[in-house]
Amino acid sequence: MRYVSTRGQDEELNFEEVLISGLATDGGLYVPKIWPKISQNDMYSFADLSYQEIAFQVMKPFTGETFSDEEFIEMIEKAYSKFDHEAICPLVQLSKNHFLLELFHGPTLAFKDVAMQLIGQMFNKILKRKNLKATVIAATSGDTGSAAMEAFKKSELVDVFVLFPDGRVSEVQRRQMTTISRSNIHALAVQGDFDDCQSLVKQMFNDPKFRNDLNLTGVNSINWARVMSQIVYFVTAAVALGSPGRKVSFSVPTGNFGDIFAAFVAKKLGLQIDKLIIASNQNDILHRTLLSGVYSKEGLKETISPSMDIQVASNFERLLFELYDRDPKAVQASMESLAIDGKFILTDNALNKLRQDFFSGSVSEEMTARIIKQTLNQYGELVCPHTAVGLAVANKFCEFSCGVPMITLATAHPSKFPESVKRCTGRDPTLPNRYADLFSRTEEVLTVKNDINEIKTIIRERTSI
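Throughout what follows, the structure given in this document is the object of discussion. The structure presented is a predicted model; accordingly, all values stated were derived computationally and were not measured.

Criteria and cut-off values
- Residues numbered from 1 in each chain as written.
- Predicted model: local features only at pLDDT ≥ 70, side-chain atom pairs only at ≥ 80, totals over all residues.
- Heavy atoms only, no water.
- Helix = DSSP H or I, 4+ residues; strand = E, 2+ residues; numbered from the N terminus.
- Axes fitted to C-alpha atoms, helices over the stretch in contact; angles between N-to-C directions.
- Parallel < 35°, antiparallel > 145°, perpendicular 65-115°, else oblique.
- Left-handed = near helix turned anticlockwise from the far one by under 90°.
- Contact = heavy atoms within 4.5 Å.
- Nonpolar A, V, L, I, M, F, W, Y, C, P; charged D, E, K, R; others polar.
- Buried < 20%, exposed > 50% of the residue type's maximum accessible area, 1.4 Å probe, protein only.
- Pairing = 2+ DSSP bridges.

## Concerning unusual backbone geometry
Okay, step 1: Look at the link from Ser243 to Pro244: it is a cis peptide, with omega at 10°.
Okay, step 2: Although it is not a glycine, Leu109 sits at a positive phi angle of roughly 70°.
Okay, step 3: Even without a glycine there, the phi angle at Phe257 is positive, about 75°.
Okay, step 4: Here Phe257 is to be found in the loop between strand 9 (248–253) and helix 11 (258–269).

Right under this line is the structure:
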């Protein structure tokens, strides 16, 4: 398997190189040169396999010869041994045709664990093999940071620096990042929003000397391995409901577009998907794009679903590459227009292709709160605000499209957002036992300005490379 950049100026790489590189040197994102396919017969056979066994079958074509079968199977087993549900990502039925896909049974209680636990295993295997160290830089709107820290906290080969927007994550999310007392783990609270954090990370990757000196790598969803690992639960969920014998739809709470792009890839592999539903909060750049064909930045709004408070959805660039028939010049032109004018316009052909696979909707704060309360009262399920956004848009879609099973992604445990959930329901969500002492742990965090040079200096001083 070879990988190419969405902007066409980088050389082709294998999976190992893509994993360690993170972002392409031309500023683009890596995608497979060709999409592998899963036959319908193989898809039917998945019904008799465990999550781990399906994960191996789905991901092996993407990893190529980077790992032997035995190595990859062992890493998958270790990655999911820390999950507290045997199914890893179980389905919960809400109604006849509506299901929740619970993705919060990992060590940090959010869907990011599904990919990050495996990425930690893969990184350590490759770095040990090459006798190298690496510096992981990640921007987070709440969950990626703690998932990365948890995955690498015992590594002697990786330093982790997480940039998060100061005051714009929940207290639980913050404490999960700031209470890991390890010399290789560093939490940086940036005086800005998530888009600022994401921009700082990209600037560091686009500095060749800084990137090479620190052997920089990223584990945000800009890293292909994140997307690859998330494909699996779309497949397992669909298979559990009878795929490929019938189609399903997915409603995905969406910020950076990585999770729903993984669903799009699952469809490219051969999964029978009817519609992919982009569920946005008030930061609705993707919903507006589907309506108008114009991808245009607006001011960022703070919401009770902070992990989705994003305007520049990085992974949309990967979809653009597909919408423009893999023409890197068209992608490059769009990205330049976004950088200069704050927007770009899709061609009619690209917009029509987008609408064939995707439906979208945006949800107000009032509706989000109403759905949290309604889901508890009607189904006995307590959900986080992000999941509520997914449910609200799924309900809107189902009003005029019935008969196809709907799977809404439950992306985080409600206890990660206790203030919001309690305000909506009057019920205080309880943290799992392993976090019982979270609020008594000592925090270690450095508040920094939104200044690339200051942050580079801090990282140079603290890295072990």
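## Quick notes on the packing of helix 4 (residues 69–79) against helix 5 (residues 112–130)
Okay, step 1: Where helix 4 meets helix 5, the axes come as close as 8 Å, and the angle between the chain directions of the two elements is 135°. The angle between helix 4 and helix 5 places the two elements in the oblique class. Where helix 4 crosses over helix 5, the two elements pack in a sense that is right-handed. For the pair helix 4 and helix 5, the contacting residues are Glu71, Phe72, Met75, Ile76, Lys78 and Ala79 in the first and Gln117, Leu118, Gln121, Met122, Lys125 and Arg129 in the second.
Okay, step 2: In terms of residue class, the contact of helix 4 with helix 5 is built from six nonpolar, two polar and four charged.

## Re the pairing of strand 4 (residues 98–102)
Okay, step 1: Burial runs high along strand 4: five of the five residues are buried.
Okay, step 2: Alternating positions in strand 4 separate into two faces, His98, Leu100 and Glu102 on one and Phe99 and Leu101 on the other, with burial throughout.
Okay, step 3: In this structure, strand 3 (residues 91–95) lies alongside strand 4, joined through four bridges in antiparallel fashion. Looking at strand 4, one finds that Val92 is bridged to Leu100.
Okay, step 4: If you look at the hairpin formed by strand 3 and strand 4, you'll find two residues sitting between the two strands.
Okay, step 5: As paired strands, strand 4 and strand 14 (residues 406–410) are joined by five bridges and run parallel to one another. Residue pairing for strand 14: Leu100 is matched across the bridge by Thr408.

## Concerning the side chain of Ser170
Okay, step 1: Tracing the backbone shows Ser170 in the loop between strand 6 (158–165) and helix 7 (171–178).
Okay, step 2: With sequence-adjacent residues up to four places away left out, Ser170 is seen in contact with Lys416 and Phe417.

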